Amino acid sequence: MRLYQLGALMHVKRSDFVVEFKEACEIATKFFLENDYASIDEAKDASDKWLFSPKCKKTCYGVSYICVPKNGDEPYLFNPTGMDNILMWENAKIVSV
């Protein structure tokens, strides 16, 4: 699975850079489509990062969630089953896609 780098977009210091929701959705959608998912199923705002779960084309057993940090760091796979991560996922605000 490939994730997308934001490095080409960064012309300012990381502390000054904010990944907006629209851009994070584009990153997540591109990743999901290239990895045979239908699209984004759910998006959440976890204050300093955007979290995304995929919509499957058919029944899925185990999926790849994506985290896009708002500070411009590289997106990464997010595992919502760890105790800290499940709390983050559950406490994050749902964002309409």
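Residues numbered from 1 in each chain as written. Predicted model: local features only at pLDDT ≥ 70, side-chain atom pairs only at ≥ 80, totals over all residues. Heavy atoms only, no water.

Peer 1: What should I look at first to understand the packing of aromatic side chains in this one?
Peer 2: Within a pair of aromatic rings, the relevant descriptors are the distance that separates the centres and the angle that separates the planes. Applying the stated criterion to the full structure yields six aromatic pairs. Centroid distance F21 to F52: 6.2 Å. Interplanar angle 20°. Geometry classified as stacked. Of this pair, F21 sits in helix 1 (residues 21-34) while F52 sits in strand 2 (residues 49-55); the two residues are 31 residues apart in sequence, bridging distant segments of the chain. Pair check on accessibility: F21 and F52 agree, each one buried. For the ring pair F32 and Y37, a centre distance of 5.5 Å and an interplane angle of 80° mean the geometry is edge-to-face. In terms of burial, F32 and Y37 fall into one category: buried. Through pairs of rings, three or more aromatic residues link up here, namely F21, W50 and F52. Above the face of the W50 ring, K70 is positioned so that its terminal group lies 4.1 Å from the ring centre. (Phe/Tyr/Trp six-rings, centres within 6.5 Å; stacked < 30°, edge-to-face > 60°. Helix = DSSP H or I, 4+ residues; strand = E, 2+ residues; numbered from the N terminus. Buried < 20%, exposed > 50% of the residue type's maximum accessible area, 1.4 Å probe, protein only. Lys NZ or Arg CZ within 6 Å of the ring centre and 35° of its normal.)

Peer 1: Before we go on, may I ask you to explain the state of the cysteines in this structure?
Peer 2: Formally, a disulfide is one covalent bond, and it connects the sulfur atom of one cysteine to the sulfur atom of another. Applying the stated criterion across every chain yields a total of one disulfide. Each disulfide pairs two cysteine sulfurs, and for C56 the partner residue is C60, the sulfurs being separated by 2.1 Å. Since a negative S-S torsion denotes a left-handed disulfide, the C56-C60 link at about -130° is left-handed. With relative accessibility at 25%, the residue C56 sits in the partly exposed group. (Disulfide = S-S within 2.5 Å.)

Peer 1: Looking at this model, I keep getting lost on the sheet that holds strand 5 (residues 93-95). Mind explaining?
Peer 2: Sheets are built from strands that pair by backbone hydrogen bonding, the pairs being arranged parallel or antiparallel. Strand order in the open sheet made by the five strands is 4-3-2-1-5, with antiparallel pairing throughout. The sheet is open, and its two borders are formed by strand 4 (76-78) and strand 5, each paired with just one other strand. Direction aside, neighbouring strands of the sheet carry axes that sit 35° apart on average. When strand 3 (residues 65-69) meets strand 4, the two strands line up antiparallel, connected through three bridges. Its bridge partner lying in strand 4, C67 is registered against Y76. Together, strand 1 (39-45), strand 2, strand 3, strand 4 and strand 5 form the strand contacts of helix 1, whose direction differs from that of strand 2 by roughly 35°. Sheet strands touched by helix 2 (residues 83-91): strand 1, strand 2, strand 3, strand 4 and strand 5. Its angle to strand 2, the strand with the most contacts, is close to 90°. (Pairing = 2+ DSSP bridges. Axes fitted to C-alpha atoms, helices over the stretch in contact; angles between N-to-C directions. Contact = heavy atoms within 4.5 Å.)

Peer 1: I tried to follow unusual backbone geometry on my own but got confused; where do I start?
Peer 2: For residues other than glycine, phi is negative in most cases, and the peptide bonds are mostly trans. A positive phi angle, close to 65°, is found at D36, a residue other than glycine. Relative to the helices and strands, D36 is located in the loop between helix 1 and strand 1. Look at D36 and you get exposed, because its relative accessible area is 52%. The phi torsion at S47 lies on the positive side, around 60°, for a residue other than glycine. With respect to the helices, strands and loops of the structure, S47 is situated in the loop between strand 1 and strand 2.

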